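In case you want the letters, here they are:
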Amino acid sequence: MIGPVMIGPSSSHTAGACRLGLVAHHLLGEAPRTARIGLHASFAKTGRGHGTHLALVAGLLGFLPDDPRLPGAFAEAEKAGLKVEFHDVDLGDVHPNTAQIDLKGDTQSVMVIGSSTGGGIIRVGSVQGFKVDFDASQPTLLLRYVDTIGVIARVATTLAADGANIAALTCAREKRGGDALLAIELDQPLSEPALNFVRAWAGMAWTRMLPKLMDG
Amino acid sequence: MLTLTDLMNAPAPASGWVLAQDCEETGLDPADIRAEMARRIGEMRDSIERGLSSDAKSITGMVGWNAKGLWDAPDALNAPLIRRVQAYAMAVNEENARMGRIVAAPTAGSAGTIPGALLGVADHLGIPDERLVDPMILAAGVGKAISKRMFISGAAGGCQAEIGSSAAMAAAAVTELLGGSPRACIHAASLALMNTIGLVCDPVGGYVEVPCVSRNAFFAVHAVSAAQLALAQLESFIPPDEVVGAMAQVGRMMPAQLRETAEGGLAQTPTGLAVTACMEGRQPDEGGGMIELPMA
Ligand code: SF4
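What you see is a predicted model, and the numbers here were worked out from it, not measured in a lab.

Student: Hey, could you go over the overall build of chain A for me, with residue numbers and the actual values?
Tutor: Within chain A, the secondary structure is distributed over six helices and 11 strands. The C-alpha radius of gyration of chain A comes to 17 Å, within 12% of the 17 Å expected for a compact globule of 216 residues. Taking the principal axes of its C-alpha atoms as reference, chain A extends roughly 50 × 35 × 35 Å. By the burial criterion, 55% of the 216 residues in chain A qualify as buried. Sequence-distant contacts in chain A: of pairs separated by 6 or more residues, those separated by 24 or more amount to 69%. Looking at chain A as shown, the accessible area adds up to about 8600 Å², and 53% of this sits on carbon and sulfur atoms.

This is the structure in structure tokens:
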């Protein structure tokens, strides 16, 4: 509530937008090349004046909300070889400050829908087309895999063995036996060896350890 | 769930209770939480100093010289506290409008209110920054209690949610700084809040500049007024949490045009529309040529 320390002018349009960009940045896991960003309602209408576009791009480049390079994010994107395109979208009955980010690198791509709910706080509502609900105030483990019996139990056991305590967990799947996405908020990030262990499982299509993006 | 009633009934000082809750929730050490808050107060100070000495224009050119202008002007009312509080508040918000570094409190648009009121009062009375840490922790607790009931953003609840919350937080902080009981602190917050209900968010062109910069000056003084009443044992007739509920209800009733979309109020005045057109690189609907911003 006192914070974040940030570059102005708007916590929901600038700091929150930067964090939404950061979510996509971390989930892509490689240098971003092209970004298509859809802006909904208030983000579309008043975004420009609040530096929303700059902040989203700054986030995609991995800059934090208090990074002095934020106001120059477009030039930084050009330097980094990232092409960005904005458009207006109607995402239906979601928070007025919501963005849909399609981010591509050389080999990976990620789709994120998230809202900036005020004071720099965000809520991620969709990853790779799956419904999720987390705020990145904790390290969040994301796993996409072919839905089979026992996966969640195996993940939980691995986390426990690694000493990573589960704070919240959401699971969404396309259909029985289809693709599923598990989002697990943790008290501390999963260790690299444990992450590699999970990565190697049969049916595990995509794994990401999203770091904590809020500083209170 | 943390409520204003909990805070009001907490043992003195109210900030101690907020700190204990914070430690329990985050597992952090109280010393670390305090140190981080001291760092943020330092950031607030920096933004005040930068703002008071700069008259560089904002993104649109609508603001940028107000804080310095007031600070350098003679004190016409012979009211140094008011002048200081207003100048500090605008200094932070003009820094914000220039895409400078500020501390959101609770948002960036309302970032000047708390430093304006709390640092302004402290400097006026010669109180050192170390003593602001606990009142600032209480401010955060009040903000948190309000945010449990409603989203704190102009887009969700109108300006009452942003500036109203910041004024309530500031009022509680100033009251604690000056030795007020938890009850007095929370009644100060409640008085500030109930006198902000209904305030719409209608920023010109969608930029956090007009009315936002002057609004922070006004509501920083508003917070100090609330503290003054509460320190004299005056109370909010409607209980604090009911006031929060009323504000949340008014926020839900507020049409979208008055919630940060720049589709109503000041944003839709002829001058507001001309600024918008100018910033979008369009010709204004009436009159030829790019307009001169009236206040530039
Ligand atoms: S008018 Fe809107 S943008 Fe300006 S301070 Fe109030 S809530 Fe924030």
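Anyway, onward from the coordinates.
Student: Hey, could you go over the packing of helix 1 (residues 11-28) of chain A against helix 3 (residues 52-60) of chain A for me, with residue numbers and the actual values?
Tutor: Describing two packed helices takes the angle between their axes plus the distance from one axis to the other. All names here are of chain A. Look at helix 1 against helix 3: their axes get within 6 Å of each other, and the N-to-C directions meet at 30 degrees. Judged by the inter-axis angle, helix 1 sits roughly parallel to helix 3. Relative to helix 3, helix 1 is oriented so that their crossing is right-handed. Facing His 13, Thr 14, Ala 17, Cys 18, Leu 20, Gly 21, Leu 22, Ala 24 and His 25 of helix 1, the residues of helix 3 in contact are Thr 52, Ala 55, Leu 56, Gly 59 and Leu 60. The residue makeup of the contact of helix 1 with helix 3, split by class, is eight nonpolar, six polar and no charged.

Student: Which residues make up the packing of helix 3 of chain A against helix 4 (residues 73-80) of chain A, and what values go with them?
Tutor: Residue and element names in this part refer to chain A. The contact between helix 3 and helix 4 brings their axes to 8 Å, and the two run at 35 degrees. In this structure, helix 3 meets helix 4 at a crossing whose hand is left-handed. Mapping the contact onto sequence places His 53, Leu 54, Val 57 and Ala 58 in helix 3 and Ala 73, Phe 74 and Ala 77 in helix 4. Residues that form the contact of helix 3 with helix 4 fall into these classes: six nonpolar, one polar and no charged.

Student: Pulling in residues and values, what's your account of the sheet that holds strand 4 (residues 98-104) of chain A?
Tutor: Residues and elements named next belong to chain A. The six strands lie next to each other as 3-2-4-5-6-7, forming an open sheet whose pairing is mixed. Two strands close off the open sheet at either side, each with one partner strand: strand 3 (83-88) and strand 7 (130-134). Strand-to-strand twist across the sheet, computed as the mean angle between neighbouring axes with direction ignored, equals 20 degrees. Sheet topology note: the strand 5 (residues 109-118)/strand 6 (residues 121-127) ladder contains six bridges and is antiparallel. By the bridge assignment, Gly 114 is partnered in strand 6 with Val 124.

Student: Account for the packing of aromatic side chains, naming residues and giving values.
Tutor: Under the defined criterion, the tally for this structure stands at two aromatic pairs over all chains. A centroid spacing of 5.7 Å and a plane angle of 80 degrees characterise the contact between Phe197(A) and Trp201(A), whose relative ring orientation is edge-to-face. Measuring from centroid to centroid gives 5.9 Å for Trp71(B) and Tyr88(B), while their planes differ by 55 degrees, and the two rings are tilted. Residue Trp71(B) is found in helix 4 (residues 66-72), and its partner Tyr88(B) is found in helix 5 (residues 80-97); the two are separated by 17 residues along the sequence. With a relative accessible area of 27%, Trp71(B) lands in the partly exposed category. Take Tyr88(B): its relative accessible area is 4%, and that puts it in the buried class. Looking at Arg154(A), its charged tip hangs above the ring of Trp201(A), at a distance of 4.1 Å from the centre.

Student: I'd like to hear about the pattern of salt bridges, residue by residue, with values.
Tutor: Taken as a whole, this structure holds 22 salt bridges over all chains when the rule is applied. For Arg33(A), the salt bridge is made with Asp106(A), and the minimal N-O distance between the two is 3.4 Å. Taken together, the residues Arg33(A) in the loop between helix 1 and strand 2 (34-39) and Asp106(A) in the loop between strand 4 and strand 5 connect sequence positions 73 residues apart. Given the relative accessible area of 30%, Arg33(A) is considered partly exposed. A salt bridge links Glu43(B) to Arg101(B); its shortest N-O distance comes to 2.7 Å. Placement of the pair is Glu43(B) in helix 3 (residues 30-53) and Arg101(B) in strand 1 (residues 101-103), with a sequence separation of 58 residues. In this structure Arg101(B) comes out as partly exposed when scored by relative accessible area, which is 25%. Among the charged side chains, a network of salt bridges with common partners joins Asp66(A), Glu36(B), Arg39(B), Arg40(B), Glu43(B) and Arg101(B).

Student: Hey, could you go over the interface of chain B and chain A for me, with residue numbers and the actual values?
Tutor: Counting from both sides, the interface comprises 39 residues of chain B and, opposite them, 30 residues of chain A. Interface of chain B and chain A: buried area, both sides summed, is about 2600 Å²; carbon and sulfur atoms make up 62% of it. Where chain B packs against chain A, one counts one salt bridge. In this structure, Arg101(B) engages Asp66(A) in a salt bridge whose closest nitrogen and oxygen atoms are separated by 3.5 Å. Connecting chain B to chain A are nine residue pairs in polar contact (both at pLDDT 80 or more). Breaking the side of chain B that touches chain A down by element, the ones donating at least two residues are helix 3, helix 5, strand 1, helix 7 (133-147) and helix 8 (154-157) of chain B. At six residues, the largest contribution of residues to the side of chain B that touches chain A is made by helix 7 of chain B. The class makeup of the residues in the side of chain B that touches chain A is 23 nonpolar, nine polar and seven charged.

Student: Run through the domain arrangement of chain A, naming residues and quoting values.
Tutor: Residues and elements named next belong to chain A. Split into domains, chain A comes out as domain 1 (11-127) and domain 2 (140-210). A C-alpha centroid distance of 25 Å is found between domain 1 and domain 2. Roughly 550 Å² of surface becomes buried between domain 1 and domain 2 when both sides are summed, with 69% attributable to carbon and sulfur atoms. Across the contact surface, domain 1 and domain 2 share zero salt bridges. At four residues, the largest contribution of residues to the side of domain 1 that touches domain 2 is made by helix 1. Per-class residue counts for the side of domain 1 that touches domain 2 are five nonpolar, three polar and no charged.

Student: Account for the environment of Cys278(B), with residues named and values stated.
Tutor: The residue Cys278(B) is located in helix 13 (residues 270-279) in this model. For Cys278(B), a relative accessible area of 16% puts it in the buried group.

Student: So what's going on with the site of the ligand? Residues and values would help.
Tutor: Residues and elements named next belong to chain B. Taken together, the residues surrounding the ligand are Gly 109, Gly 154, Cys 159, Glu 162, Cys 201, Cys 212 and Arg 215. Only helix 9 (159-177) and helix 11 (212-231) provide two or more residues apiece to the shell around the ligand. Looking at the shell around the ligand residue by residue, the class counts come to three nonpolar, two polar and two charged.

Thresholds applied
Residues numbered from 1 in each chain as written. Chains lettered and ligands numbered in written order. Predicted model: local features only at pLDDT ≥ 70, side-chain atom pairs only at ≥ 80, totals over all residues. Heavy atoms only, no water. Helix = DSSP H or I, 4+ residues; strand = E, 2+ residues; numbered from the N terminus. Rg over C-alpha atoms; globule rule 2.2 N^0.38 Å. Buried < 20%, exposed > 50% of the residue type's maximum accessible area, 1.4 Å probe, protein only. Contact = heavy atoms within 4.5 Å. Areas by Shrake-Rupley, 256 points an atom, 1.4 Å probe, with all protein chains shown as cover. Axes fitted to C-alpha atoms, helices over the stretch in contact; angles between N-to-C directions. Parallel < 35°, antiparallel > 145°, perpendicular 65-115°, else oblique. Left-handed = near helix turned anticlockwise from the far one by under 90°. Nonpolar A, V, L, I, M, F, W, Y, C, P; charged D, E, K, R; others polar. Pairing = 2+ DSSP bridges. Phe/Tyr/Trp six-rings, centres within 6.5 Å; stacked < 30°, edge-to-face > 60°. Lys NZ or Arg CZ within 6 Å of the ring centre and 35° of its normal. Salt bridge = Lys/Arg side-chain N within 4 Å of Asp/Glu carboxyl O. Buried area = accessible area lost by both parts, 1.4 Å probe. Polar contact = N/O pair within 3.5 Å; in protein donor to acceptor, adjacent residues only side chain to side chain. Domains from an automatic or database assignment. Near = heavy atom within 4 Å.

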